[in-house]
Amino acid sequence: MSLIRFHVKQGRHLAGARPWRSLAWLAAVALTGCVAPGEGNFIRPPTPAEVEQYNAMVQPEERIVCRTEIPIGSNIPVRKCRLAVDIDETSVFHREQLRRALR
Amino acid sequence: MHHPCRPSCLLLVCIATASALLAAVASAQVPTVLSDNHYTLSNQTRVLESAEQHVQAGELDAAEIAFRQAFESVRADQGLFHEAQLPVLDRLLATNLARRDWQQFNHYLDYHGALAQRMYQGQPVRHALALETAADWHQRAALILNDELRTWHLIRSRNLIWQAVSALEQTPDGQPRLAPLLYRIAILHYYLTTEASIRGLTSLEVRTDQAARVSGWSMSGNEATRRSYAVGQELLQRIHDMHASEPDNVSTLAQIDTLLGDWQLLFGREELARDYYRRAYQALRAEPGAAPVIEQLFATRVTLPAPYAARSATTPLPDGYAGGDGSGDSVAAVLASMNTTGRQLRPQLTDDFFTEDHQHEFDQVSR
């Protein structure tokens with residue numbers, strides 16, 4: 001974002017002096033805005049090999065599992081990564097809830 | 001009233017206790033006469049020689065005792081964190097592997113890991129070599145064992161190689177050694193899906209480092225196979241990218257394309273395999289002097305998975321790091337004996353598989 005702001009400032013400064021340059025700057029800004037990942041934007045989920053490498057380096061409590069899931073209300077699969085411990089805890093919790101509801 | 005605790009009784013009890021104590025102290029003070037003091041430096045070689053003789057004679061229990069004595073001697077003599085322990089530790093591992101004493105075997109492997117981590121702090125390349133050695137031992141154990149324990153050893157081996165990769169990634173010296181290791185991980189995935197069942201054993205990967213499964217969520221067999229294919233494909237592609245920036249890399253890239261083709265074939269994707277093979281073949285045909293490589297890749301019978309043969313032409317191993325050959329050939333040879341179910345062969349130039357025309361598929365791969 002700050003990079004884009006810098007580009008916009010430069011564009012304004014140069015706009016009066018040389019219009020062709022300002023056009024070039026604007027084009028550059030537009031292109032950068034389209035291409036640059038920026039801060040806080042989309043972060044690529046880890047690939048299967050990256051997950052495995054990470055898991056090999058940490059203790060079992062910190063290991064993660066990444067799977068492709070289809071969230072409720074959508075047909076678009078999403079790759080989700082969770083701690084294996086969390087998966088277990090959620091599973092136990094849901095099982096208990098179900099048991100309580102069926103009682 | 002008669003008191004049960006008379007002075008004479010008390011005296012008797014005191015005398016009995018005192019005599020028992022004296023006997024215990026006396027026995028503790030009498031020096032145990034060792035038949036052989038293996039802690040002296042001069043005796044180390046003799047103990048080792050006798051251990052080797054026991055191995056030759058097939059007396060594995062006696063050999064294990066002798067190697068253990070030598071190991072203790074080296075530790076006492078050279079220090080607890082000295083490299084001199086490693087050769088004796090290797091012999092101990094070999095002996096316990098032959099004895100099928102898995103508790104001792106795993107104990108010494110754990111010791112090997114802790115020792116390597118301590119000794120090679122700040123030396124990533126040497127640490128990676130030690131991790132590779134430990135991974136080799138796990139693979140040897142996997143050859144002997146079955147079912148769950150085989151799977152556990154293969155997973156441990158894979159984790160150790162990943163740790164070696166992570167160590168090598170820290171330094172430019174380690175880059176040339178990365179490709180064979182990445183290929184080893186891919187091959188381990190293949191063996192985990194074909195020779196050892198990972199079905200229901202995901203807990204060995206993510207929940208514990210111990211050789212006992214933990215109940216709970218687990219990946220299905222199909223999901224594990226898909227994951228293994230994806231990891232192998234990604235790693236082989238990474239090897240391809242690593243070599244892509246080198247000059248005069250046509251034959252190296254063709255060899256990796258061939259390995260990519262092999263990978264498709266191993267996972268039943270014949271069309272894609274054909275495209276990779278064709279890409280490799282066409283690249284080699286266009287390269288003058290590449291006939292021997294074509295011969296090596298496609299004119300001889302190659303059992304899959306093939307050993308890693310591609311070498312970096314411009315990035316030789318740094319001096320002093322020649323401990324392991326880094327080729328993965330020995331490992332492939334070790335693992336190849338595990339390949340008990342339907343052996344697959346790479347198609348040869350004469351096979352219809354290779355000569356059929358599927359140019360559109362080739363274009364897809366190129367993109």
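Keep in mind the model is a prediction, meaning the values are calculated, not measured. (Residues numbered from 1 in each chain as written. Chains lettered and ligands numbered in written order. Predicted model: local features only at pLDDT ≥ 70, side-chain atom pairs only at ≥ 80, totals over all residues. Heavy atoms only, no water.)

1. What about the overall build of chain A?
Counting its regular elements, chain A contains 4 helices and 2 strands. Ordered by position in the sequence, the α and β elements of chain A form the string α-α-α-β-β-α. Taken over 103 residues, chain A has a buried fraction of 19%. Contacts in chain A between residues far apart in sequence, at least 24 positions, make up 21% of those at least 6 positions apart. When the accessible surface of chain A is summed, it comes to about 8000 Å², and 62% of that surface belongs to carbon and sulfur atoms. (Helix = DSSP H or I, 4+ residues; strand = E, 2+ residues; numbered from the N terminus. Buried < 20%, exposed > 50% of the residue type's maximum accessible area, 1.4 Å probe, protein only. Contact = heavy atoms within 4.5 Å. Areas by Shrake-Rupley, 256 points an atom, 1.4 Å probe, with all protein chains shown as cover.)

2. Topic: the packing of helix H7 (residues 147-168) of chain B against helix H8 (residues 175-194) of chain B
Residue and element names in this part refer to chain B. Viewed as axis vectors pointing N to C, H7 and H8 meet at an angle of 160 degrees, and their least axial separation amounts to 10 Å. Our classification of the angle between H7 and H8 gives roughly antiparallel. Once H7 is placed against H8, the crossing between them reads as left-handed. Listed contacts from H8 to Thr-151, Leu-154, Ile-155, Ser-157, Arg-158, Ile-161, Trp-162, Ala-164, Val-165 and Leu-168 of H7 are Gln-175, Arg-177, Leu-178, Leu-181, Leu-182, Arg-184, Ile-185, Leu-188, His-189, Tyr-191 and Leu-192. Grouping the constituent residues of the contact of H7 with H8 by class yields 14 nonpolar, 4 polar and 3 charged. (Axes fitted to C-alpha atoms, helices over the stretch in contact; angles between N-to-C directions. Parallel < 35°, antiparallel > 145°, perpendicular 65-115°, else oblique. Left-handed = near helix turned anticlockwise from the far one by under 90°. Nonpolar A, V, L, I, M, F, W, Y, C, P; charged D, E, K, R; others polar.)

3. Quick word on the interface of chain A and chain B
Across the contact, 17 residues belong to chain A and 22 residues belong to chain B. Across the chain A to chain B interface the summed buried area is about 1700 Å²; carbon plus sulfur atoms make up 51%. Contact with chain B buries area across many residues of chain A, yet Glu52(A), Gln53(A) and Arg63(A) alone supply 33% of it, more than any other trio. Among the salt bridges present, the one from Asp88(A) reaches Arg207(B), with a minimum N-O distance of 2.4 Å. Linking chain A with chain B are 11 residue pairs in polar contact (both at pLDDT 80 or more). Among the elements of the structure, helix H3 (48-57), strand E1 (64-69) and helix H4 (84-102) of chain A are those that each provide at least two residues to the side of chain A that touches chain B. (Buried area = accessible area lost by both parts, 1.4 Å probe. Salt bridge = Lys/Arg side-chain N within 4 Å of Asp/Glu carboxyl O. Polar contact = N/O pair within 3.5 Å; in protein donor to acceptor, adjacent residues only side chain to side chain.)

4. Here's the deal with the nonpolar core
Residue and element names in this part refer to chain B. Counting 88 residues, the largest nonpolar core has Phe-105, Trp-162, Ile-239 and Trp-263 as the members making the most contacts within it. Considering every element that reaches this core, the biggest residue donor is H8, with 12 residues. Split by domain, this core shows at least three residues from each of two domains, domain 1 (39-119) and domain 2 (127-367). Look past the residues within four positions of Phe-105 in its chain and what remains in contact with it is Leu-93, Asn-96, Leu-97, Trp-137, Ala-141 and His-153. (Core = buried A, V, L, I, M, F, W, Y, C linked by side-chain atoms within 4.5 Å. Domains from an automatic or database assignment.)

5. Things to note about the pattern of salt bridges
Under the counting rule described, the total for this entry stands at 21 salt bridges over all chains. When the shortest N-O distance is used, the salt bridge between Glu52(A) and Arg158(B) registers 3.6 Å. Of the two residues, Glu52(A) is situated in helix H3 and Arg158(B) in helix H7; the pairing between them involves two chains. Residue Glu52(A) shares its accessibility class with Arg158(B), and that shared class is buried.

6. A look at the domain arrangement of chain B
Residues and elements named next belong to chain B. Per the domain assignment, the segments making up chain B are domain 1 (39-119) and domain 2 (127-367). Listed by partner, the interface residues are 12 residues for domain 1 and 12 residues for domain 2. When the two sides are added together, the surface that domain 1 and domain 2 hide from each other amounts to roughly 1000 Å², 80% of it contributed by carbon and sulfur. Taken together, the connections running from domain 1 to domain 2 amount to 0 salt bridges. The tally of links from domain 1 across to domain 2 stands at 0 residue pairs in polar contact (both at pLDDT 80 or more). Of all elements in the fold, only helix H4 (85-99) and helix H5 (102-119) reach the threshold of two or more residues within the side of domain 1 that touches domain 2. With 7 residues, the top contributor of residues to the side of domain 1 that touches domain 2 is H5. Along the lines of polarity and charge, the residues of the side of domain 1 that touches domain 2 split into 7 nonpolar, 3 polar and 2 charged.

7. Section: the packing of H4(B) against H5(B)
All names here are of chain B. Contact geometry of H4 with H5 gives a least axis separation of 9 Å together with a crossing angle of 160 degrees. Between H4 and H5, the angle is such that the two are roughly antiparallel. Like other packed secondary-structure pairs, H4 and H5 cross with a definite hand, here left-handed. Facing H4, whose interface residues are Gln-85, Leu-86, Leu-89, Leu-92, Leu-93, Asn-96 and Leu-97, H5 presents Trp-102, Gln-104, Phe-105, Tyr-108, Leu-109, Tyr-111, His-112, Leu-115 and Met-119. Broken down by class, the residue content of the contact of H4 with H5 amounts to 12 nonpolar, 4 polar and no charged.

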